[in-house]
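Architecture at a glance
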Amino acid sequence: MPRNSALVSTKAACLRRFGKFSRLVKGLALASAVFSSQLITASHSFAVPFDIASVDSSIVDVSGNEIQSQPQSPTRASTVLKRTSAQSPKDDTQSKPLVRFHAWGGSAQVNGYLQWVAAQVSQRFNIELQHVKLADTSDAVSRVLAEKAAGNHDNGSVDLIWINGENFAAMKKHNLLAKDWVKELDHFALTRPEKNSAMVTDFGEPTLGMEAPWGKASMVFYYRSAHMKALGTAPGQTINELLRFSQKAPGRFTYPVPSDYLGISFIKYAAIALNGDKQSLFYQPVTESSLQAVLPALWAYLDQLHPTMWQQGKYMLRQASQLQRLVGTGELTLAFSFTAAEIPSAVNRFDLPDDVRTYAMQDGSLANVHFVGLTYNSKNKTAAKTVVNFLLSPEAQAEKQKLTVWGDDTVLDMASLTQAQAMLFKDEAVHKSALDKSQSAVLLAEPHASWTDKLREAWYERYGARY
């Protein structure tokens, strides 16, 4: 979560070591320095008042108050599309409106899907969509914050941003997102927000029309079945069974440090699952008393788990992608992901062996909705809205859900679709390494966004850097 100016200086040294938030803190400090020193020079390319290369991650291509929720008039939303796509002969000679979509670039599936989207919006609406690949979403948040501090309110370098959780909370707090625009999209009504609060709530924070839902994800575990057979054991189906597996098969499981998104996701899952009688606390803004109420069970568990993990827990992975690599090389038997479809896709690419199987924990799978936000200082808001409306179309959502494309679950409500639209989502042949979606699963909603930072800080305070 973002901090006020009085706390930034005292927390900066600590948070700098926590990867995900270090960039956001640096952005805050940079924005303050640029604004106060008045040593501002305009950037030719982005109209940003400092050397954008110092914080830009676009060149990194590494390998997830109540709003008006009544369906809007199709005429109003269609007007957005027509204004963008209907070009006069004179306009045809000019360059297309450019929409820069800042999104994590660490997945070949996501990158490939966005290339397909770019081709579609170019052909249909004469819009150029540029995927600016990020190593960390907070880089883009920092950039928009710095632009605002420098007075760049109309010519921002970020148009759309793929966000949720603490990054959304930070942008919301600092008024970095356009407000109440999602209701203009005719396809937003297909999510049935009036019946599905997850479409208008992000980690406990009301979205206030600042971001549009894009997809759904939940935590899954996957394992080497040949290893399990050789070990004479089975993967744990609950958080406590996971500990017993790791004790029986030491060195065959680990999780990334909580500066990584998957690492902190594991901590949140464990904290919720281990505090069954206190779960309501996680869905309110964190307080010192609520934090101290849930930490004892978490520490007792991790103190037992760490010595049984890979490298005895003394050395832990810094990035989620390394988990899959270690399973592929056979060093790990059991791992987890927040993208179920990446497991069979990795098997098809021969990055994982074909004996890998995927399952969901019986005591609950941490789950969330991810969103697309529109920045307050985008100069191409009309074109950006057209892109998001297409992202929410049945055609684009069905393409995204295909296992061979991305495998990201749709946010559309099937009951809102026509028969022809629903047919686009017809199930494909089931991959033997894929999650069996015919089995029911308990979903655990993400805690309020304020918990993420507090749990991360508490973990580092107790265990220190382990890489």
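1. Quick look at the overall build of the chain
The helix and strand tally for the chain stands at 17 helices and eleven strands. For the chain, the residues scored as buried account for 56% of the 467 residues in total. If you sum the accessible surface of the chain, you get close to 19900 Å²; carbon and sulfur atoms cover 50% of it.

2. Some points on the packing of aromatic side chains
The full count for this structure, using the stated rule, is 23 aromatic pairs. Relative to tryptophan 214, the ring of tryptophan 162 lies with its centre 5.2 Å away and its plane at 80 degrees, an arrangement referred to as edge-to-face. Of the two residues, tryptophan 162 is situated in strand S3 (residues 160-163) and tryptophan 214 in strand S6 (residues 211-218); the sequence distance between them amounts to 52 residues. Look at tryptophan 162 and tryptophan 406: their rings are 5.7 Å apart centre to centre, the planes differ by 80 degrees, and that puts the pair in the edge-to-face class. Pair noted here: tryptophan 162 is in strand S3 and tryptophan 406 is in the loop between helix H15 (394-401) and helix H16 (419-423), with a separation of 244 residues, a long-range link. Here lysine 148 stacks its cationic end above the ring of tyrosine 376, 5.8 Å away from the centre of that ring. Above the face of the tryptophan 406 ring, lysine 400 is positioned so that its terminal group lies 5.4 Å from the ring centre.

3. Focus on helix H14 (residues 381-391)
Taken across its eleven residues, H14 has nine buried, putting it largely inside the fold. When we look at burial in H14, the residues that qualify are Ala383, Ala384, Lys385, Thr386, Val387, Val388, Asn389, Phe390 and Leu391.

4. Observations concerning the nonpolar core
Of all hydrophobic cores here, the largest spans 61 residues; its most connected members are Phe221, Phe253, Tyr255, Phe266, Leu298, Leu302 and Trp459. For this core, the element with the most residues is helix H10 (residues 261-274), which contributes nine residues. Ignoring any residue separated from it by four or fewer positions in sequence, one finds tyrosine 255 in contact with Gly263, Phe266, Ile267, Leu302, Leu305, His306, Met309, Met316, Leu317, Phe336 and Trp459. Formed by 38 residues, the second largest nonpolar core is a distinct cluster that contains Phe101, Ile127, Trp162 and Met199.

5. Structural notes on the confidence of the model for the chain
Model confidence for the chain is summarised by a mean pLDDT of 83, while 80% of its residues fall at 70 or above. The low-confidence segment residues 1-26 (pLDDT under 50) makes 55 contacts with residues lying over four places distant or belonging to another chain.

6. What about the sheet that holds strand S9 (residues 356-359)?
Spatially, the three strands line up as an open sheet ordered S8-S7-S9, and their pairing is antiparallel. The open sheet is flanked by strand S8 (334-337) and S9, the only strands paired with a single partner. With strand direction ignored, the average angle separating the axes of adjacent strands in the sheet is 30 degrees. The pairing of strand S7 (residues 220-224) with S8 spans four bridges and is classified as antiparallel. Across the sheet, valine 220 pairs through a bridge with serine 337, a residue of S8. Seen against the sheet, helix H12 (residues 321-329) touches S7 and S8 and runs at an angle of roughly 25 degrees to S7.

7. Re H10
The terminal C-alpha atoms of H10, which comprises 14 residues, lie 20 Å apart, in line with the 20 Å expected from a rise of 1.5 Å per residue. Every buried residue belonging to H10 is among Leu262, Gly263, Ile264, Ser265, Phe266, Ile267, Lys268, Tyr269, Ala270, Ala271, Ile272 and Leu274, and all of these are buried. Residue aspartate 260 occupies the N-cap position of H10, its side-chain oxygen lying 2.7 Å from the main-chain nitrogen of leucine 262.

8. Observations concerning the pairing of strand S10 (residues 365-374)
Counted residue by residue, S10 has ten buried out of ten residues, so it is predominantly covered. Burial along S10 is two-sided: the face carrying Ser365, Ala367, Val369, Phe371 and Gly373 and the face carrying Leu366, Asn368, His370, Val372 and Leu374 are both buried. Both S6 and S10 contribute to a ladder of seven bridges, which runs antiparallel. The residue of S10 that forms the bridge with serine 218 is alanine 367. In this structure, S10 lies alongside strand S11 (residues 443-445), joined through three bridges in parallel fashion. The residue bridging serine 365 from the neighbouring strand is leucine 443, located in S11.

9. Here we look at the environment of alanine 169
Inspection of the secondary structure assignment puts alanine 169 in helix H7 (residues 166-173). Between the alpha carbons of alanine 169 and alanine 449 there is a distance of 6.9 Å; along the sequence they are 280 residues apart.

10. Description of unusual backbone geometry
A negative phi holds for most residues other than glycine; trans holds for most peptide bonds. In this model, glutamine 312 sits at a positive phi of 55 degrees, which is unusual for a non-glycine residue. Mapped onto the elements of the fold, glutamine 312 is located in the loop between helix H11 (288-305) and H12. Given the relative accessible area of 48%, glutamine 312 is considered partly exposed. Phi angles above zero are rare outside glycine, and phenylalanine 350 is one such case at about 70 degrees. Note on placement: phenylalanine 350 falls in the loop between helix H13 (342-348) and S9.

Conventions we followed
- Residues numbered from 1 in each chain as written.
- Predicted model: local features only at pLDDT ≥ 70, side-chain atom pairs only at ≥ 80, totals over all residues.
- Heavy atoms only, no water.
- Helix = DSSP H or I, 4+ residues; strand = E, 2+ residues; numbered from the N terminus.
- Buried < 20%, exposed > 50% of the residue type's maximum accessible area, 1.4 Å probe, protein only.
- Areas by Shrake-Rupley, 256 points an atom, 1.4 Å probe, with all protein chains shown as cover.
- Phe/Tyr/Trp six-rings, centres within 6.5 Å; stacked < 30°, edge-to-face > 60°.
- Lys NZ or Arg CZ within 6 Å of the ring centre and 35° of its normal.
- Core = buried A, V, L, I, M, F, W, Y, C linked by side-chain atoms within 4.5 Å.
- Contact = heavy atoms within 4.5 Å.
- pLDDT = per-residue confidence, 0-100.
- Pairing = 2+ DSSP bridges.
- Axes fitted to C-alpha atoms, helices over the stretch in contact; angles between N-to-C directions.
- Expected span 1.5 Å × (residues − 1).
- Polar contact = N/O pair within 3.5 Å; in protein donor to acceptor, adjacent residues only side chain to side chain.

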